[in-house]
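If you want the building blocks of each chain, they are given just below.
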Amino acid sequence: MDWGFDLWDQQDVIERHTQCGLEQLERYVKFVKERAEIEQNYAKQLRNLSKKYSRRGVKEDQEMKLTNQQAFQEVLNELNEYAVQREQLSENMTVTICVDLTKNLHELRQERKNYFLEIKKCQQNLESTIKQLDLSKKRFEKEWKEAEKAIQQTERIQQDPNTTKADVDKAKQQENSRTHVADASKKDYALQLQKYNNEQNNFYHSEIPSALKKLQNMEERRIRMLADGYVQFSETEKTLLPNINKCLDAISTAGRNINEKQDTAALIEQYKSGAAPPADVEFEDYSQSVKTTMNNENTAQLHKARIKLLFHKKNKITSPDKNTPPSVEDFTGLPPDQRKKRLQDKIDNINRELQKEMEQSEAMNKMKGVYEQNSKLGDPSSLEPQITETVQNIASLKEKLNKYQAQLSEAGGGSGSHNLSSSSVSPSDENIYEFGFDEDFDVDVPIGQCKALYNYDGDSEGAVCIQKDEQLTLMVEDQGDGWARVQRANGDMGYVPASYIQII
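Residues numbered from 1 in each chain as written. Predicted model: local features only at pLDDT ≥ 70, side-chain atom pairs only at ≥ 80, totals over all residues. Heavy atoms only, no water.

### A short note on the overall build of the protein
Stage number 1. A tally of helices and strands in the protein yields ten helices and five strands.
Stage number 2. Here the protein holds 504 residues, and 29% of them are scored as buried.
Stage number 3. Pairs at least 24 apart in sequence give 75% of the contacts found in the protein among residues at least 6 apart.
Stage number 4. About 32,700 Å² of surface is accessible on the protein, with carbon and sulfur atoms providing 50% of the total. (Helix = DSSP H or I, 4+ residues; strand = E, 2+ residues; numbered from the N terminus. Buried < 20%, exposed > 50% of the residue type's maximum accessible area, 1.4 Å probe, protein only. Contact = heavy atoms within 4.5 Å. Areas by Shrake-Rupley, 256 points an atom, 1.4 Å probe, with all protein chains shown as cover.)

See below:
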């Protein structure tokens, strides 16, 4: 099937068809662009979702020991990688399909334009030839009529007896002249007719078929480009499917790796005290006065020890007092192995806190030196309270560390577990109820440094104003409500959104 021979007289149809084909190609390019934008926005939303539910800041180590917590973090990490693959898909669609097809579309438009200009030029040549043919035909018709008139005039003169020879010769001369001109116009008309027939034959059997054949080839190439674009649309995503499936498989693996028994055991190992439940309270016979006094004393001590074990809270740092030694938890009531483990955990925690305090002290001293060199940056004296507080914290932590290390050394040296009923009650036991239930008395202690990511006006009650890139002291981390407490270099302290800071 050939356009040049089968559709030689349907040029208008071909022109509309090729124009619609180019518009179809352009529509597909726009479709792919919008699909790429959808993938890009989808990837962005996935990133934001992963970031929203990812851990921010330093969390308790025991939380990450639980397999379900680890699995959820892996799910978020893989979701972020999944977003990367969607972004890659968007980029590949834009580069491999949109860019190439846009370039080809421009070339096809120009090519189509050139072919129709070529057809138009051929039509103009044919129209010019037929005009010349019409002129030569009209001239031949006119000259032949003039020649006929001259012949008839000559015949009338010859038949007239009154005419002279001179008149006859003049009429014949006029006849010959007209006849000669008519013959010349006849030959010219014949030549123009032959030229037109040649041009017309060439136009309909050569030029038009050739141009329409080129348009047919162009249209078939356009269709092939569009078909390849459809294939690329699928293959581009298929290429990334292994990576996408890898992310999804990793998420499935994370779910399968959750071990509820292991999490239960980890929680028990983390928080078990090793103490036995309290024994039954013995009957006190008040009828025997001697035993009553002894039993009252033993019962009071026993009840205090029991309450201390049942309601014992983790020590909170009270208001600093230079004359009051740091409180140290007593683990003498625990089994030896459990006591060693708890003492070692305490030592490790204090070492970490001590390292933070020393780093903070070093940072404060450096900042003070900068302020002393350039008073415009800040007042060195404003850092003195924080430096003093940090020094006191370091001294307190070192003292606690020495006491815990001494207890650990004693436990490792063969000290057995102490019986609650026979152990002496320390003076601090007299206030055991106050110690066990006092949860509201706390003091702000720096736990690290952070940097402001955005400006915050601090217009709500209890909040503090911060500036972007400002160095801050982190006092209290996000407890799940989305807020963290910080202290500025000028001493101002308050709450800011946890998402507005980055721990450094």
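### Concerning the side chain of Thr129
Stage number 1. Mapping Thr129 onto the fold places it in helix 4 (residues 67-159).
Stage number 2. Non-local contacts of Thr129, meaning those with residues more than four positions away in its chain, are made with Lys195, Tyr196 and Glu199.

### Side note on the packing of helix 2 (residues 11-53) against helix 4
Stage number 1. One way to put it is that helix 2 packs onto helix 4 with a least axis distance of 8 Å and a crossing angle of 165°. The angle between helix 2 and helix 4 falls in the class roughly antiparallel. Handedness of the crossing formed by helix 2 with helix 4: left-handed.
Stage number 2. Class assignment of the residues belonging to the contact of helix 2 with helix 4 gives a composition of 27 nonpolar, ten polar and eleven charged. (Axes fitted to C-alpha atoms, helices over the stretch in contact; angles between N-to-C directions. Parallel < 35°, antiparallel > 145°, perpendicular 65-115°, else oblique. Left-handed = near helix turned anticlockwise from the far one by under 90°. Nonpolar A, V, L, I, M, F, W, Y, C, P; charged D, E, K, R; others polar.)

### Focus on the packing of aromatic side chains
Stage number 1. Evaluation of the coordinates by the stated rule reveals ten aromatic pairs.
Stage number 2. A centroid spacing of 4.8 Å and a plane angle of 85° characterise the contact between Tyr28 and Tyr230, whose relative ring orientation is edge-to-face. Of this pair, Tyr28 sits in helix 2 while Tyr230 sits in helix 5 (residues 165-256), and the two are 202 residues apart along the sequence.
Stage number 3. When its relative accessible area of 6% is taken as the criterion, Tyr28 is described as buried.
Stage number 4. Pairing Phe203 with Tyr204 gives two aromatic rings, centres 4.8 Å apart and planes at 85°, and the pair type is edge-to-face.
Stage number 5. When its relative accessible area of 31% is taken as the criterion, Tyr204 is described as partly exposed. (Phe/Tyr/Trp six-rings, centres within 6.5 Å; stacked < 30°, edge-to-face > 60°.)

### A few points about the nonpolar core
A general trend in soluble globular proteins is that nonpolar side chains are found buried together.
Stage number 1. Core analysis: the largest hydrophobic core is formed by 39 residues, its most contacted members being Tyr28, Val32, Leu101, Ile119, Leu212 and Leu215.
Stage number 2. Residue contributions to this core peak at 16 residues, all from helix 4.
Stage number 3. Residues in contact with Tyr28, not counting those within four places in the same chain, are Ile97, Leu101, Leu226, Gly229, Tyr230 and Phe233.
Stage number 4. In terms of nonpolar packing, the next biggest core, distinct from the first, is built from 13 residues, Ala452, Val464, Leu474 and Ala484 among them. (Core = buried A, V, L, I, M, F, W, Y, C linked by side-chain atoms within 4.5 Å.)

### Section: the sheet that holds strand 5 (residues 501-503)
Stage number 1. If you walk across this open sheet you meet the five strands as 4-3-2-1-5, and the pairing is antiparallel. Single-partner strands in this sheet number two, and they are strand 4 (493-497) and strand 5. Pairwise comparison of adjacent strand axes, ignoring direction, gives a mean angle of 45° for this sheet.
Stage number 2. Pairing of strand 3 (residues 483-487) with strand 4 involves five bridges; the strand directions are antiparallel. For Gln487, the partnering residue across the bridge sits in strand 4 and is Met493. (Pairing = 2+ DSSP bridges.)

### Quick notes on the packing of helix 4 against helix 5
Stage number 1. With their axes 6 Å apart at the nearest point, helix 4 and helix 5 run at an angle of 175° to one another. By the angle between their directions, the pair helix 4 and helix 5 is classed as roughly antiparallel.
Stage number 2. Among the residues making up the contact of helix 4 with helix 5, the classes are represented as 44 nonpolar, 20 polar and 24 charged.

### Some words on helix 6 (residues 260-271)
Stage number 1. Taking 1.5 Å as the rise per residue, helix 6 with twelve residues should run 16 Å; its terminal C-alpha atoms sit 17 Å apart, in good agreement.
Stage number 2. Two to three positions downstream of the cap, the backbone nitrogen of Lys261 sits 3.0 Å from a side-chain oxygen, assigning the N-cap of helix 6 to Asn259. (Expected span 1.5 Å × (residues − 1). Polar contact = N/O pair within 3.5 Å; in protein donor to acceptor, adjacent residues only side chain to side chain.)

### With respect to a nonpolar patch on the surface
Stage number 1. Residues Leu49, Tyr53 and Phe72 make up a contiguous nonpolar surface patch of about 290 Å² in total accessible area.
Stage number 2. Tracing the backbone shows Tyr53 in helix 2.
Stage number 3. What makes Tyr53 partly exposed here is its relative accessible area of 45%. (Patch = residues over 30% accessible without salt bridge, like charges linked within 9 Å, V, L, I, M, F, W, Y side chains within 5 Å. Salt bridge = Lys/Arg side-chain N within 4 Å of Asp/Glu carboxyl O.)

### Looking at unusual backbone geometry
Stage number 1. At Asp469, a residue that is not glycine, the phi angle is positive and equals roughly 70°.
Stage number 2. Residue placement: Asp469 occurs in the loop between strand 1 (448-452) and strand 2 (471-476).
Stage number 3. The partly exposed category is assigned to Asp469, whose relative accessible area is 48%.

### Notes on the pairing of strand 1
Stage number 1. Burial along strand 1 is one-sided: Gly448, Cys450 and Ala452 are buried, and none of Gln449 and Lys451, which face the opposite way, are.
Stage number 2. Across four bridges, the pairing between strand 1 and strand 2 is antiparallel. Note that in strand 2 the partner of Cys450 across the bridge is Leu472.
Stage number 3. Bridge analysis of strand 1 against strand 5 gives three bridges, and the strand direction is antiparallel. The partner of Ala452 across the bridge, within strand 5, is Ile501.

### Brief notes about the pattern of salt bridges
Stage number 1. Counted under the stated rule, the structure contains 15 salt bridges.
Stage number 2. The salt bridge partner of Glu39 is Arg86, with a shortest N-O separation of 2.9 Å. On the criterion of sequence distance, the pair formed by Glu39 in helix 2 and Arg86 in helix 4 is long-range, its members being 47 residues apart. One exposure class covers both Glu39 and Arg86, and it is buried.
Stage number 3. A salt bridge links Arg222 to Glu219, with the shortest nitrogen-to-oxygen separation between them at 2.6 Å. Residue Arg222 and its partner Glu219 are located together in helix 5, separated by three residues, close to a single helical turn. Exposure class is identical for Arg222 and Glu219. Each is buried.
Stage number 4. Taken together, the shared-partner salt bridges connect Arg35, Glu39, Arg86 and Glu237 into one network.

### Details of the environment of Ser128
Stage number 1. Positionally, Ser128 belongs in helix 4.
Stage number 2. Overall, the relative accessible area of 37% leaves Ser128 in the partly exposed class.
Stage number 3. Along the backbone, Ser128 and Tyr196 are 68 residues apart, and their C-alpha atoms lie at a distance of 9.3 Å.

### Topic: the environment of Ala36
Stage number 1. When you line up the elements, Ala36 lands in helix 2.
Stage number 2. Measuring from C-alpha to C-alpha, the distance between Ala36 and Arg86 comes to 9.2 Å, with 50 residues separating the pair along the chain.

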